[in-house]
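Now for the letters of each chain:
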Amino acid sequence: MAFKTDIQIADEATMLPIEEVAAKIGLEKDDLEQYGKYKAKISWEAIKKIDKENEYGKLILVSAISPTPAGEGKSTVSIGLTQGLNRIGKKSAVALREPSLGPVFGVKGGAAGGGYSQVVPMEDINLHFTGDLHAMTAANNLISACIDNHIHQGNALRIDARQITWKRVIDMNDRALRNVVISLGKKADGFPREDHFMITVASEIMAVLCLSENIEDLKNRLARMIIGYNLDGNPITVADLEIQGAVAMLLKDALKPNLVQTLENTPAFIHGGPFANIAHGCNSILATKLALNTSDYAVTEAGFGADLGAEKFMDIKCRMSGLSPDAVVIVATIKALKMHGGVDKKELKTENVEALEKGFANLRRHVENVKKFGVPAIVAINRFADDTEAEIAKLEELCKELGVRISLCECFAKGGEGAEDLAKQVVELIDEEKADFKPIYDENDSIVDKVNTIVREIYRGRQAKFTTAAKKQVKKLEELGLDKLPICVAKTQFSFTDDKDIMGAPTDFDIEIQDVRVSAGAGFIVVQTSNIMVMPGLPKIPAANKMDIDNDGVITGLF
Ligand code: ADP
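If you check an unreviewed UniProt entry, the protein appears there as Formate--tetrahydrofolate ligase from Peptoniphilus porci. If you open the UniProt record of the protein and go to Sequence similarities (unreviewed entry), you find "Belongs to the formate--tetrahydrofolate ligase family." Under the UniProt heading Pathway (unreviewed entry), the note attached to the protein is "One-carbon metabolism; tetrahydrofolate interconversion."

What follows is the structure, encoded as structure tokens:
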């Protein structure tokens, strides 16, 4: 029997009108700004009315082992878990990131879960959705247009055209735009200079939107964003250009969280999707808080493995917002653990208990790390069709030895029913082990000390080695008084080290820091281990080549 594709399953879903989904979590029709029948934004009036910190439900973060090309399924398990919680009678909502068009047409495919654990309408969510990313693109490019116009009109701020760090964006994988020359032509066309495009989700605007709690906060953060430096080397901000009001205005709707539903009609807030390397990789604080205020169990997710995603969730998002996680679900797959144990990608379908045992070291380290934040953890095995009974039994035994709960999660194949055990265990875990959340470092420590704490405590390396250039950048941030901020490490997600090919649980390594810069609006310091890809390219045969739409509007090939 051929398996149904994600889009076939999604198309067969019986969606409820969005006001009925909203009613499940106490939201009224008036609280919604509807975008058609199945999508809505939550109004400011409703957000203000609902926002009561003392009425939060429990916060569950879904993270994962170090990712491999074999795939882990964090979004799928997050959606499955929220469906499972609702099935066992617990009021639950999920808060997730919204997809970018770049990866949709590239290799990865959609970001709306998979199998019987998806959010719908999946076509809309994966395509233009409610226009948030387009608004962010416009907001970002308004700043770019104003920078070049300012220079053209006499450059009163003495912006150094060689030190403009603000880049233009587009929400597409388009390698041709990585490096461009702008303002070619006549005198009236401006001063020619080199510029660069990033994908919209890599923009600081996206990170700012996800960390802002209201319009005032958004505007203040936008004002602080540094667009480059003047001829004396001092930072120039959006406030210097006097356009924070206009930029915030362009984002007025994008800042409101979106509500949709899962395949089992449970509520899903999908809002914001910053890159998980140069930004913090979590959905918006507003969406997470809405899920917490309207449900008893809010499930959310953070990009990449727990060394990057969970660490930034705790040290950046929770620290800034005052959120406090009650439990972390660490998603692992048997296939990925075998890869961490040295098995070649082509051999993953063959049973290999020995490699699984070896690869378990990666999972063990992530479990231990999560506990260092004072938050209890549970392992969810995202079951794939090829996993064997012997492999599953071995993994259960290893988790037992480690003293961590484990649940076999079949939510891809069975929806919420396949995550009922995970849901029950998460509820028990939260009841039995009270979280005592604390970030891993003090933000008032020096930049070098903060990075070293992450390297030693989370990656388990010896130390961070700063290049000469990076040391200079640290000194400059200290002089500017911008050093007492949380750290956002940009590192390969595939390894605890800065070398993507070293899998498992390596020790005795250093992490080389090549670049240190501040995202002053977002409020964190980006620490880069190597060049970060901020504008992905398309593969030889893009996913776009398989997609189509017929005369009735029926879409095929979107996963
Ligand atoms: P992540 O959030 O970790 O990036 P996703 O949940 O988006 O992962 O899943 C990645 C891909 O793997 C999706 O296309 C999804 O349909 C698929 N997938 C997830 N879990 C399973 C599973 N148990 N069996 C088969 N495919 C799966």
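Let us keep going from here.
Engineer: Is there a simple way to think about the packing of aromatic side chains in this case?
Structural biologist: Within a pair of aromatic rings, the relevant descriptors are the distance that separates the centres and the angle that separates the planes. Inspection of every chain in the model, using the stated rule, returns zero aromatic pairs. Of note, Arg-365 hangs over the ring of Phe-496, and the distance from its end group to the ring centre comes to 4.9 Å. Seen from the ring of Tyr-459, Lys-491 lies directly overhead, with NZ or CZ sitting 4.6 Å from the centre.

Engineer: How do you make sense of the sheet that holds strand S7 (residues 159–164) when you look at a structure like this?
Structural biologist: Each strand in a sheet pairs with its neighbour through backbone hydrogen bonds, running either in the same direction (parallel) or in the opposite one (antiparallel). One open sheet holds the three strands; their spatial order is S7-S12-S13, and the pairing between them is antiparallel. Of all strands in the sheet, those bounded by a partner on one side alone are S7 and strand S13 (235–237). Between one strand and the next, the sheet's axes are offset by a mean angle of 50 degrees, whatever the strand orientation. With two bridges connecting them, S7 and strand S12 (residues 226–230) associate as antiparallel partners. Bridging across to S12, Ile-159 finds its partner in Asn-230.

Engineer: So what exactly am I meant to see when it comes to the site of the ligand here?
Structural biologist: Around the ligand there are 12 residues in total, and Lys-74, Ser-75, Thr-76, Asn-382 and Arg-383 lie nearest to it. Thr-76 is positioned such that a nitrogen or oxygen atom in its side chain is 2.6 Å from an oxygen atom of the ligand. Arg-383 places a polar main-chain atom, nitrogen or oxygen, 2.6 Å from a nitrogen atom of the ligand. In the complex, 78% of the free accessible area of the ligand, which totals 560 Å², lies under the protein chains. By residue number, the principal contributor to the shell around the ligand is helix H4 (residues 74–87), which donates three residues.

Engineer: How should I be thinking about helix H15 (residues 353–372) in this particular structure?
Structural biologist: Three or four residues apart is the spacing at which side chains of an α-helix point the same way, because the helix has 3.6 residues per turn. Counted at 1.5 Å a residue, the expected span for H15 with its 20 residues is 28 Å, and the 29 Å between its end C-alpha atoms agrees. Looking only at H15, the buried set comprises Ala-355, Leu-356, Gly-359, Phe-360, Asn-362, Leu-363, Arg-365, His-366, Val-367, Asn-369 and Val-370. Following H15 by one or two positions, Gly-374 adopts a phi angle in the positive range, close to 80 degrees.

Engineer: Hey, could you run me through the sheet that holds strand S21 (residues 487–490) in this one?
Structural biologist: Pairing within the open sheet is mixed, and its three strands lie in the order S21-S24-S23. Each having just a single partner strand, S21 and strand S23 (515–519) make up the two edges of the open sheet. The average angle at which neighbouring strand axes cross in this sheet is 25 degrees, direction not considered. Looking at chain direction, S21 and strand S24 (residues 524–528) are connected through four bridges and run parallel. From the neighbouring strand, Ile-487 faces S24, where its bridge partner is Ile-525. Helix-sheet contacts for helix H13 (residues 306–321) involve S21 and S24, and the interaxial angle to S21 is about 165 degrees.

Engineer: Sorry, what's going on with the layout of surface pockets here?
Structural biologist: To locate leftover empty space, one rolls a probe as large as a water molecule over the atoms. Of the voids in this model, the second largest pocket is the one considered here, and its volume is about 1200 Å³. Those elements that provide at least two residues to the lining of the second largest pocket are S7, strand S10 (193–195), strand S11 (197–199), helix H8 (204–211), S12, helix H20 (468–479), S23 and S24. A total of five residues in the lining of the second largest pocket trace back to one element, the largest contributor, which is S23. Two domains each donate at least three residues to the lining of the second largest pocket, and these are domain 2 (133–241) and domain 3 (447–528).

Engineer: Explain empty space enclosed by the protein here, please?
Structural biologist: What the rule picks out here adds up to four cavities of 30 Å³ or more. Within this model, the largest cavity holds a volume of roughly 70 Å³. Lining the largest cavity, in full, are Glu-98, Pro-99, Leu-101, Ile-125, Leu-127, His-128, Phe-129, Gly-131, Asp-132, Leu-133, His-134 and Asp-171. Among the residues forming the lining of the largest cavity, the class breakdown is six nonpolar, three polar and three charged.

Engineer: How should the domain arrangement of the protein be read in this particular structure?
Structural biologist: By a widespread convention, an interface's size corresponds to the accessible area lost as its parts come together. Under the domain assignment, the protein is made up of domain 1 (6–130 + 254–432), domain 2 (133–241) and domain 3 (447–528). Distance from the C-alpha centre of domain 2 to the C-alpha centre of domain 3: 25 Å. The interface is formed by 11 residues belonging to domain 2 together with 10 residues belonging to domain 3. Carbon and sulfur atoms make up 58% of the surface buried where domain 2 meets domain 3, a total of about 720 Å² over both sides. Looking at the side of domain 2 facing domain 3, the largest losses of area belong to Glu-204, Arg-224 and Ile-226, adding up to 43% of the total buried there. The interface formed by domain 2 and domain 3 holds zero salt bridges in total. At the junction of domain 2 with domain 3, the criterion picks out seven residue pairs in polar contact (both at pLDDT 80 or more). Where the side of domain 2 that touches domain 3 is concerned, the elements lending two or more residues are H8, helix H9 (215–224) and S12. It is H8 that provides the largest number of residues to the side of domain 2 that touches domain 3, a total of four residues.

Engineer: Explain the pattern of salt bridges here, please?
Structural biologist: Where charged atoms from two side chains of opposite charge come close, those side chains can pair. A complete count under the given rule lists 36 salt bridges for this structure. Among the salt bridges present, the one from Arg-168 reaches Asp-195, with a minimum N-O distance of 2.6 Å. Of the two residues, Arg-168 is situated in strand S8 (residues 168–170) and Asp-195 in strand S10; the sequence distance between them amounts to 27 residues. Since its relative accessible area comes to 17%, Arg-168 is described here as buried. A single network of salt bridges, built from pairs that share partners, joins Glu-33, Lys-252, Asp-253 and Lys-256.

Each value, and the rule that gives it
Residues numbered from 1 in each chain as written. Predicted model: local features only at pLDDT ≥ 70, side-chain atom pairs only at ≥ 80, totals over all residues. Heavy atoms only, no water. UniProt positions renumbered as here; feature names shortened; annotations may be inferred. Phe/Tyr/Trp six-rings, centres within 6.5 Å; stacked < 30°, edge-to-face > 60°. Lys NZ or Arg CZ within 6 Å of the ring centre and 35° of its normal. Pairing = 2+ DSSP bridges. Helix = DSSP H or I, 4+ residues; strand = E, 2+ residues; numbered from the N terminus. Axes fitted to C-alpha atoms, helices over the stretch in contact; angles between N-to-C directions. Near = heavy atom within 4 Å. Polar contact = N/O pair within 3.5 Å; in protein donor to acceptor, adjacent residues only side chain to side chain. Areas by Shrake-Rupley, 256 points an atom, 1.4 Å probe, with all protein chains shown as cover. Expected span 1.5 Å × (residues − 1). Buried < 20%, exposed > 50% of the residue type's maximum accessible area, 1.4 Å probe, protein only. Contact = heavy atoms within 4.5 Å. 1 Å grid on protein atoms, 1.4 Å probe; cavity = no way out; pocket = protein on both sides within 12 Å on 5 of 7 lines; lining within 4 Å. Points joined across faces, edges and corners; volume = space filled by probe spheres on them. Domains from an automatic or database assignment. Nonpolar A, V, L, I, M, F, W, Y, C, P; charged D, E, K, R; others polar. Buried area = accessible area lost by both parts, 1.4 Å probe. Salt bridge = Lys/Arg side-chain N within 4 Å of Asp/Glu carboxyl O.

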